[in-house]
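# Observations on chain architecture
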Amino acid sequence: MKNQNWPLWEIFIRSKQGLNHKHVGSLHAADEKMAIENARDVYTRRSEGVSIWVVESKHITASDPSEGEALYEPANDKVYRHPTFYDLPDELKHM
Amino acid sequence: MTNIQALESRFQAKVDDEVKIEPKDWMPEKYRKTLIRQISQHAHSEIVGMLPEGNWITRAPSLRRKLGLLAKVQDEAGHGLYLYSAAETLGVERADLIEQLHNGTAKYSSIFNYPTTSWADIGSIGWLVDGAAIMNQVPLCRCSYGPYARAMVRVCKEESFHQRQGFEILLTLSKGTEAQKEMLQESVNRWWWPAMMMFGPNDADSPHTAQSMKWKIKRFTNDELRQKFVDVSVEQAKILNITLPDPDIKWNEERGHYDYGVIDWEEFWNVVKGNGPCNHERIQTRVKAHEEGAWVRAAAMAHAEKRSQRNSKKEQVA
């Protein structure tokens, strides 16, 4: 039993109705129920949340930072996707 | 330029530009090791830090004080957990970190190896120990490693409550009976110098500072932070009507800072090496709690496994 960790869980908190859940950190727990209870104690001692998501860390797939260029560079030369790309006269209002 | 050199110079350029380093980014092995050591020591300090204060929970002089102290000690546990989870993003296992604390290979802040012999000590810890910790921790909110910086933002928000509750305890004693005033002064006399030592060795004797500052793990040197602490504490002590146990404290017009006396580094190193008044007791207490909790951890795991097996059987039937 020695040196055996409980599984690691990633914790996401919705700070108030209308906002999305945001990652706040991680913790160890035996199962999802305990993960939520522990997250309540560790991450919401001062009313920081109204809703908690827990996801076992091993289920998260992350993009590889070294592939960042290949993933994100194609967006860099597509300035026409932004509203400021379009030249319009100053007298045009409400747009 | 070799591959590693190229990666290292790209890494340093990011740090110089104040771009945070995140867990999956490439980082020099020494940066990773330095952070694991520093963050885990920090986490251990929070956990061991619960012990001197826990000593007074059952003997707090009023329900109000007991509630404040309980909440504070619970925060320390929380801080330990934020920090362990930040350390784990660097590829270490929680169980291994705890084992290192228990077998003495990992250090924690020496301040927690001093005993809390009077109620006033709870105030002194809040004022001086948490005060020194805040000086250290506020710049860590801008540390180059993202998960550590984010954990420190949470910690710092909560530390402010700790320091204020401590100062209020002392302020109450300062307006009390002669015996209470004596208790206050006696306690500050014992905690002042150990709190001064919390910033670590003088800059000249701190060989890792330069590298840590280059990597923006550290933002100020030990002596810079210590000076800030002296400057604010001297002013705060006036409100408590007490003297700080250092006859060399004197305003220095030229420097625009308070001068202060020489720290007893022999005492510092002696406590670091394990010979402080409570080193042995602190670790024994942690080990005992860990060992006596082993069956609970095992039972919770067994229960979780059984439940998940039951659930998967139910799914198969459905």
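Sequence positions are assigned chain by chain, starting from 1 and proceeding in written order. Numbering of ligands from 1 and lettering of chains from A proceed in the order in which they are written. The predicted nature of this model means local features are confined to residues of pLDDT at least 70 and side-chain atom pairs, given and counted, to a pLDDT of 80 or more, with totals for whole chains, interfaces and linings taken over all residues. Calculation of side-chain values draws on the structure's entire complement of heavy atoms; hydrogens and water are dropped beforehand.

## Describing the overall build of chain B
Selection criterion: Secondary structure follows DSSP: runs of H or I at least 4 residues long count as helices, runs of E at least 2 residues long count as strands, and numbering of each begins at the N terminus. When checking whether two residues touch, look at their non-hydrogen atoms; a contact exists if any pair is within 4.5 Å. Shrake-Rupley sampling with a 1.4 Å probe provides the accessible areas, and residues are treated as covered by the protein chains on show and by no other component. Under the convention used here, Asp and Glu are negative, Lys and Arg are positive, and both His and the chain ends fall outside the count. One atom stands in for each charge, and that atom is NZ of Lys, CZ of Arg, CG of Asp or CD of Glu.
Scanning chain B from N- to C-terminus turns up 13 helices and two strands. A sequence separation of at least 24 residues applies to 76% of the contacts in chain B between residues at least 6 apart. Here chain B has roughly 16,000 Å² of accessible surface; of this, 56% comes from carbon and sulfur atoms. The positive charge centre, built from 42 side chains, and the negative charge centre, built from 42, are 7 Å apart in chain B.

## A few points about the interface of chain A and chain B
To keep it simple, the criterion reads: Two parts placed together each lose some accessible area under a 1.4 Å probe, and adding up what both lose gives the buried area. When a carboxyl oxygen of Asp or Glu lies within 4 Å of a side-chain nitrogen of Lys or Arg, that pair is called a salt bridge. The definition of a polar contact used here is a pair of N or O atoms within 3.5 Å, where within protein one atom must be able to donate a hydrogen and the other to accept one, and adjacent residues in sequence count solely through side-chain atom pairs. Here the term charged refers only to Asp, Glu, Lys and Arg, the term nonpolar to Ala, Val, Leu, Ile, Met, Phe, Trp, Tyr, Cys and Pro, and the term polar to all other amino acids, Gly among them.
Between chain A and chain B, the contact holds 24 residues from the first and 26 residues from the second. Interface area for chain A against chain B, summed over the two sides, is near 2,100 Å², with a carbon-plus-sulfur share of 50%. If you look at where chain A meets chain B, you find six salt bridges. Note that B:Glu158 and A:Arg45 form a salt bridge whose closest N and O atoms lie 2.8 Å from each other. The interface formed by chain A and chain B holds 13 residue pairs in polar contact (both at pLDDT 80 or more) in total. Of all elements in the fold, only strand S2 (22-28) and helix H1 (32-43) of chain A reach the threshold of two or more residues within the side of chain A that touches chain B. Grouping the amino acids of the side of chain A that touches chain B by side-chain chemistry returns twelve nonpolar, six polar and six charged.

## Things to note about empty space enclosed by the protein
Residues and elements named next belong to chain B. The criterion, for reference: A 1.4 Å probe that fits but cannot get out identifies a cavity on a 1 Å grid over protein atoms alone, an open set with protein on both sides within 12 Å along at least five of seven lines counts as a pocket, and a residue lines either if it has an atom within 4 Å of a point. Grid points are joined across faces, edges and corners, and a volume is the space filled by probe spheres set on the points.
Applying the stated criterion across every chain yields a total of one cavity of 30 Å³ or more. Considering only enclosed or pocket space, the largest cavity measures out at about 30 Å³ in volume. Lining of the largest cavity is provided by Val15, Glu18, Val19, Lys20, Arg142, Cys143, Ser144 and Arg219.

## Some details on the nonpolar core
Applied cut-off: Take the buried residues of types Ala, Val, Leu, Ile, Met, Phe, Trp, Tyr and Cys, join any two whose side-chain atoms come within 4.5 Å, and each joined set is a nonpolar core. With a 1.4 Å probe rolled over the protein chains alone, any residue whose accessible area is under 20% of its type maximum counts as buried; one over 50% counts as exposed, and the rest are partly exposed.
A:Ile11, A:Leu27, B:Tyr31, B:Leu35, B:Ile39, B:Tyr145 and B:Tyr148 are the most contacted members of the largest nonpolar core, which totals 51 residues. Breaking this core down by element, the ones donating at least two residues are strand S1 (8-14) and H1 of chain A together with helix H1 (3-16), helix H2 (29-48), helix H4 (63-88), helix H6 (120-140), helix H7 (146-174) and helix H13 (294-317) of chain B. The biggest single contributor to this core is H4(B), with seven residues. Filtering out sequence-adjacent residues up to four positions away, B:Tyr148 remains in contact with B:Leu35, B:Gln38, B:Ile39, B:His42, B:Leu83, B:Ala86, B:Leu140 and B:Cys143. Formed by 44 residues, the second largest nonpolar core is a distinct cluster that contains B:Leu128, B:Met196, B:Met197 and B:Phe229.

## Description of the packing of H2(B) against H4(B)
Residue and element names in this part refer to chain B. We apply this condition: Every axis corresponds to a line fitted to the C-alpha atoms, with the helix fit spanning only the stretch in contact, and the corresponding angles, defined between N-to-C directions, vary from 0 to 180 degrees. Here roughly perpendicular refers to angles of 65 to 115 degrees, roughly parallel to angles under 35, roughly antiparallel to angles over 145, and oblique to all remaining angles. Handedness of a crossing is defined here by the sense of rotation of the near helix relative to the far one, left-handed for an anticlockwise turn of less than a right angle and right-handed for a clockwise turn.
Closest axis-to-axis distance for the H2/H4 pair is 8 Å, and the angle between their directions is 160°. Taken as axis vectors, H2 and H4 run roughly antiparallel relative to one another. Considering the relative orientation of H2 and H4, their crossing is left-handed. Of the residues in H4, those in contact with Ile39, His42, Ala43, His44, Glu46 and Ile47 of H2 are Glu76, Ala77, His79, Gly80, Leu83, Tyr84, Ala86 and Ala87. Each residue belonging to the contact of H2 with H4 can be placed in one class, and the counts come to eight nonpolar, four polar and two charged.

## Structural notes on the packing of aromatic side chains
What counts, and what does not: Each Phe, Tyr or Trp ring, with Trp reduced to its six-membered ring, pairs with another whose centre is within 6.5 Å; inter-plane angles below 30 degrees give stacked pairs, above 60 give edge-to-face pairs, and intermediate values give tilted ones. In this scheme, the term charge over a ring applies when either NZ of a lysine or CZ of an arginine sits within 6 Å of the ring centre and within 35 degrees of the ring normal.
Per the counting criterion, the structure on display carries 14 aromatic pairs over all chains. Ring centres 5.0 Å apart and planes at 85° place the aromatic pair A:Phe85 and A:Tyr86 in the edge-to-face group. Ring geometry for B:Trp251 against B:Tyr258: centres 5.0 Å apart, planes inclined by 75°, an arrangement best described as edge-to-face. Relative accessible area serves as the criterion here: at 40%, B:Trp251 is assigned to the partly exposed category. Classification of B:Tyr258 by relative accessible area gives buried; the value is 10%. What links up through ring pairs into an aromatic cluster is the set B:Phe11, B:Trp26, B:Tyr31 and B:Trp215. Positioned above the aromatic ring of B:Trp56 is the side chain of B:Arg59, whose terminal nitrogen or guanidinium carbon lies 4.3 Å from the ring centre. A cation over a ring is seen here: B:Lys228 above B:Phe220, with NZ or CZ 4.2 Å from the ring centre.

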